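Residue-level structure breakdown
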Amino acid sequence: MIEIPDELAATQSRFNGAAGRAFVAALPDLAARLLERWGLRPDGPSMYGMCALVLPVVREADGRPAALKLQAVDEETAGEPVALRAWTAAGAGAVELLDHDPESGALLLERLDERRPLSGEADVRKAVKALGSVLARLVAVPAPEGLPTLGGVAERMLAEVPERVGLLADAADRRLLADCAAAVREVAGEPGDRLLHWDLHYDNILAGRADAGRAGEWIALDPKPLAGDPGFELFPALDNLFDADEVVWRFDALTEALGLDRERARAWTLGRVLQNGLWGAEEGEVRLAPDHAEIARRLLGR
């Protein structure tokens, strides 16, 4: 038997309703089947996030530590095995995919050092530079065919603007989101073709393990793959470990690390503020998240 964290069950029930509860109920049987099929034995307490349960395991055939990721597959995560294979083939600094079960969406991944997330780096500027180095390697890879595209994301966002911006209670928030939409319109015709992670914050980068030959390496995991412009990747690094006075420094450091045009990157970063604002309005929020609004103001020079 595996332990299902109460927090994972509550999150799945809240956001996915009956489908989420069914996913959680099926986890013990799914884990048992895959442990047997792939010749794995459990090797420590389980870990979890918003949509996945991760079991530390060891492959019995060769004794290699690994991680069995059981996740609820949706539009954002469906392309994860495709992206991980592309990054692995390119040596691009992402977690290695060892096996994949297409029926359930489960992934067998290399084991990283879960005790050492990049978020634990005491010098935040050093963490920003490390993230920029990881991100530069990821976005150097062209996106494989069949992934969701930033062009499609931008088209849907801009179509939603007239209705959802009006749901915000504060006039300054409405103006700010309208300005973000205007910035996206300027670049929407050139959405890009790089393989994007879409959620690269400091907790989604872990240290590599010495027994895997990756000591001293920072490695990305948990992508929500998307084909598009690398400028759309910068927002999580500005928002996570948020510091208003560091927004512009971080933005400049990341655009330099990736070799991006600053104005295009600014427009796509404002696009992430727009995206989050539209999502919030759909969920009944009547104000922009304060840190998101501050990021937009800083990038707009206000």
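In what follows, the accompanying structure is described. (Residues numbered from 1 in each chain as written. Predicted model: local features only at pLDDT ≥ 70, side-chain atom pairs only at ≥ 80, totals over all residues. Heavy atoms only, no water.)

The next thing to look at is the overall build of the chain. In terms of helices and strands, the chain carries 9 helices and 11 strands. Computed over C-alpha atoms, the radius of gyration of the chain comes to 20 Å, within 12% of the 19 Å expected from 2.2 N^0.38 for 302 residues, which places it in the range of a compact globule. When its C-alpha atoms are laid out on the principal axes, the chain stretches across 60 × 40 × 35 Å. By the burial criterion, 49% of the 302 residues in the chain qualify as buried. Counted over contacts in the chain with a minimum sequence separation of 6, partners at least 24 positions apart contribute 72%. Split by element, the accessible area of the chain, about 13,900 Å² in all, is 49% carbon and sulfur. (Helix = DSSP H or I, 4+ residues; strand = E, 2+ residues; numbered from the N terminus. Rg over C-alpha atoms; globule rule 2.2 N^0.38 Å. Buried < 20%, exposed > 50% of the residue type's maximum accessible area, 1.4 Å probe, protein only. Contact = heavy atoms within 4.5 Å. Areas by Shrake-Rupley, 256 points an atom, 1.4 Å probe, with all protein chains shown as cover.)

Our next topic: helix α9 (residues 290–299). Residues H292, A293, E294, I295, A296 and L299 constitute the buried set of α9. Where α9 is buried, its residues touch α5 (171–187), α6 (235–239), α7 (247–258) and α8 (262–282). Two residues or fewer after α9 comes G301, characterised by a positive phi angle close to 75°.

Attention now moves to the nonpolar core. Of all hydrophobic cores here, the largest spans 72 residues; its most connected members are L84, W87, L131, L195, L200, F232 and L274. The element best represented in this core is helix α3 (residues 124–139), accounting for 8 residues. Beyond its immediate sequence surroundings of up to four residues, L274 is in contact with M157, L158, V161, L177, C180, A181 and V184. Counting 21 residues, the second-largest nonpolar core is a separate cluster that includes I2, F23, A31 and A66. (Core = buried A, V, L, I, M, F, W, Y, C linked by side-chain atoms within 4.5 Å.)

Glancing now at the packing of aromatic side chains. The description of an aromatic ring pair uses the distance of the two centres, along with the angle that the planes make with each other. A full pass over the atoms with the stated rule returns 2 aromatic pairs. Centroid distance W198 to F232: 6.4 Å. Interplanar angle 45°. Geometry classified as tilted. On the criterion of sequence distance, the pair formed by W198 in the loop between β8 (194–196) and β9 (205–207) and F232 in the loop between β11 (226–228) and α6 is long-range, its members being 34 residues apart. Judged by its relative accessible area of 0%, F232 is buried. Geometrically, the ring pair formed by F232 and W268 is edge-to-face, given 6.0 Å between the ring centres and 85° between the ring planes. With F232 in the loop between β11 and α6 and W268 in helix α8, the pair connects residues that are 36 residues apart, well separated along the chain. Given a relative accessible area of 0%, W268 falls into the buried group. The rings of W198, F232 and W268 are connected pair by pair, giving a single aromatic cluster. (Phe/Tyr/Trp six-rings, centres within 6.5 Å; stacked < 30°, edge-to-face > 60°.)

Taking 1.5 Å per residue, 32 residues should reach 46 Å; helix α1 (residues 6–37) reaches only 27 Å between its end C-alpha atoms and comes up short. The sharpest bend along α1 reaches about 150° and sits at N16. Within the sequence span of α1, burial applies to L8, T11, Q12, G20, F23, V24, L27, L30, A31, L34 and L35. On its buried face, α1 sits against β1 (40–42), β2 (47–48), β3 (52–59), β4 (65–71), β5 (97–101) and β6 (106–110). Of the residues one or two after α1, G39 is the one with positive phi, at around 65°. (Expected span 1.5 Å × (residues − 1). Bend = angle between axes of the 7 residues up to and from the residue.)

Within β4, 7 of the 7 residues are buried, which leaves it mostly tucked inside the rest of the structure. Neither face of β4 is open: one carries P65, A67, K69 and Q71, the other A66, L68 and L70, and all of them are buried. Strand direction decides the pairing type here: β3 and β4, joined by 7 bridges, are antiparallel. When the sheet's bridge partners are listed, A52 is paired in β4 with Q71. (Pairing = 2+ DSSP bridges.)

Moving on, we come to the side chain of H201. Tracing the backbone through its elements, the reader meets H201 in the loop between β8 and β9. Take H201: its relative accessible area is 19%, and that puts it in the buried class. One polar contact links the side chain of H201 to the main-chain amide nitrogen of D203, over a distance of 3.2 Å. If sequence neighbours within four positions are ignored, H201 has contacts with L131, P236 and N240. (Polar contact = N/O pair within 3.5 Å; in protein donor to acceptor, adjacent residues only side chain to side chain.)

By themselves, these are just geometric observations and shouldn't be taken as functional.
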